Amino acid sequence: MLSVRVIFDPTQISRPTAIALGNFDGVHVGHRHVIAPILPQSLGDRNPRLTSTVVSFSPHPQEFFSGKLRSLLAPFDEKVALLESLGVEQLVLLPFDAELAKLSAADFMQKILIDSMQVQLISVGFDFHFGRKRQGNVNDLKNIWGERLTVIPEQKMNVGITDQAPVRISSSNIRTALAQGEIDLANALLGRPYNLVGKVIRGKQLGRTIGFPTANLELPPQKCLPRDGVYAVQVQVNQGNASAPAFGVMNIGLRPTVDGTQRSVEVHLFNWQGDLYGQELSVNLVQFIRPEQKFDSLDFLKAQIQKDCQTALRYLVAEPTLIC
Ligand SMILES: Cc1cc2nc3c(=O)[nH]c(=O)nc-3n(C[C@H](O)[C@H](O)[C@H](O)COP(=O)(O)O)c2cc1C
Ligand SMILES: Nc1ncnc2c1ncn2[C@@H]1O[C@H](COP(=O)(O)OP(=O)(O)O)[C@@H](O)[C@H]1O
């Protein structure tokens, strides 16, 4: 049972509110800085009546204007779970339509934030814009909320070698890192391992014939996938209320060796036997190992997968934060 209230209908908002405004795809380290000031633990006894609320638009304004779905680091269910784990009490999804798109910044503040949500405290990132043609900015919010507005400056992170410039913590930098197989960077910016959660579905039933059965995952269609190839992964197998940890190797791609046409995401678990169909796997990405290749035979593929397992194990046992 989720304890964060997800509100699509503005009349159902629990108010007065302390709000963090933004899309927060991935709920990365930078987002968490923005959300922190409005969490119950930050509000403390001074503002006990305020409901800790994240306010986003649905659909995302870019989707509304382009008519295209965006790929997401954290699709809806994942985002709700992440916000809940932080202690957010309410997620308000403002229906972004032609009417909202043409609302002036002043009307957005008055009608939505003041009248509809009774906003007492606000936290936003430094570059937050709102209202028609993104005319409103943090100065407009400051004029009304004054000291009750927190503006979080651009967050950067030192990664890799020390003489490298710090990297901006942003959803787009995380997407780029995933697209390049730079899992260390993506995980650092996220503040947790990038994770794929899906139900195990049937594949071509070939894996077992080469000694490497693979659990094929069904993922939310909007989930952002990292580059095609082979990864070392740490997995939780969720069986009802119980959950078992395992290590494994994952392949993402078209499987040219077996003339695959659809992209698949499949995991071979080490030291695991038994049926996984219908169960849920939660897969943490640890390390990109190699690109996908077309092999001349299943025997060559099998030999390569054996090597992949050895490589993956070396990364997995060297990873101090993993539980297994
Ligand atoms: C670690 C690993 C690496 C893989 N690498 C490749 C690859 O480089 N090229 C390829 O065509 N398929 C690759 N595959 C996918 C296999 O072709 C696939 O697992 C096999 O065909 C079984 O598919 P099935 O689950 O549909 O039965 C890999 C699978 C695993 C588990
Ligand atoms: N070690 C393992 N790792 C992954 N899946 C396993 C493992 N052992 C057994 N299985 C089971 O075997 C199935 C995969 O076998 P496979 O022949 O690759 O069939 P499919 O093509 O349907 O994925 C998995 O979905 C799971 O139910």
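From a predicted model like this one, the values you see are computed outputs, not experimental measurements.

Cut-offs and rules
Residues numbered from 1 in each chain as written. Chains lettered and ligands numbered in written order. Predicted model: local features only at pLDDT ≥ 70, side-chain atom pairs only at ≥ 80, totals over all residues. Heavy atoms only, no water. Helix = DSSP H or I, 4+ residues; strand = E, 2+ residues; numbered from the N terminus. Contact = heavy atoms within 4.5 Å. Near = heavy atom within 4 Å. Polar contact = N/O pair within 3.5 Å; in protein donor to acceptor, adjacent residues only side chain to side chain. Areas by Shrake-Rupley, 256 points an atom, 1.4 Å probe, with all protein chains shown as cover. UniProt positions renumbered as here; feature names shortened; annotations may be inferred. Buried < 20%, exposed > 50% of the residue type's maximum accessible area, 1.4 Å probe, protein only. Arc of directions from axis to C-beta. Pairing = 2+ DSSP bridges. Axes fitted to C-alpha atoms, helices over the stretch in contact; angles between N-to-C directions. Parallel < 35°, antiparallel > 145°, perpendicular 65-115°, else oblique. Left-handed = near helix turned anticlockwise from the far one by under 90°. Nonpolar A, V, L, I, M, F, W, Y, C, P; charged D, E, K, R; others polar.

Undergrad: So, the environment of lysine 133: which residues are in play, and what are the values?
TA: Note on placement: lysine 133 falls in the loop between strand 5 (119–125) and helix 7 (138–145). Along the primary structure lysine 133 and leucine 103 are separated by 30 residues, whereas in three dimensions their C-alpha atoms are 9.2 Å apart.

Undergrad: Would you mind going over the environment of threonine 150 in detail, with residue names and values included?
TA: Checked against the element boundaries, threonine 150 lands in strand 6 (residues 149–152). The residues touching threonine 150, leaving out its near neighbours within four places in the chain, are Pro37, Ile122, Ser123 and Val124.

Undergrad: Before we move on, could you go through the site of ligand 1 and cite the residues and values that matter?
TA: The immediate surroundings of ligand 1 are formed by 22 residues, with Lys204, Leu206, Thr214, Arg255 and Gln293 found nearest. At 2.7 Å from an oxygen atom of ligand 1 is found a side-chain nitrogen or oxygen belonging to threonine 214. At 2.8 Å, a side-chain N or O of threonine 257 approaches an oxygen atom of ligand 1. Protein burial of ligand 1: of its 630 Å² of free accessible surface, 99% is covered by the chains. Going through the elements one at a time, strand 12 (242–253) and helix 10 (298–318) are the ones with two or more residues in the shell around ligand 1. Among the elements that take part in the shell around ligand 1, helix 10 stands out by supplying three residues, more than any other.

Undergrad: Now, about the UniProt feature "domain: Riboflavin kinase" (unreviewed entry) in the protein: what can you tell me, with residues and values included?
TA: When the UniProt feature table is mapped to this numbering, "domain: Riboflavin kinase" (unreviewed entry) covers residues 189–317. Across residues 189–317, helical content stands at 17% and strand content at 40%; the span's end C-alpha atoms are separated by 22 Å.

Undergrad: Could you give me a rundown of helix 6 (residues 105–116), with the residues and numbers involved?
TA: Every buried residue belonging to helix 6 is among Ala105, Phe108, Met109, Ile112, Leu113 and Ser116, and all of these are buried. Take helix 6 and look down its axis: the buried residues cluster within an arc of 150°, on one side only. Looking at the packing, one finds that the buried side of helix 6 touches strand 2 (17–21), strand 3 (51–58), strand 4 (90–95), helix 5 (98–101), strand 5 and helix 7.

Undergrad: How would you sum up the pairing of strand 14 (residues 280–290)? Please name residues and give values.
TA: Burial analysis of strand 14 places nine of its 11 residues in the buried class, the great majority of the element. Sheet topology places strand 9 (residues 195–201) next to strand 14; five bridges connect them, and they run antiparallel. Bridge pairing links asparagine 195 to asparagine 284 in strand 14. Relative to strand 14, strand 11 (residues 229–239) is paired through nine bridges, and the arrangement is antiparallel. Bridge pairing in strand 14 places glutamine 236 opposite serine 282.

Undergrad: I'd like a rundown of the packing of helix 8 (residues 171–179) against helix 9 (residues 183–190), residues and numbers included.
TA: Pairs of packed helices are described in terms of their axes, by the angle between the two and the distance that separates them. Two elements in contact, helix 8 and helix 9, have axes whose closest approach is 8 Å; the angle formed by their N-to-C orientations is 155°. If you check the angle between helix 8 and helix 9, you find them roughly antiparallel. Seen along the crossing, helix 8 lies across helix 9 with a hand that is left-handed. Facing Asn173, Ile174, Ala177 and Leu178 of helix 8, the residues of helix 9 in contact are Ile183, Leu185, Ala186, Leu189 and Leu190. For the contact of helix 8 with helix 9, the residue count by class is eight nonpolar, one polar and no charged.

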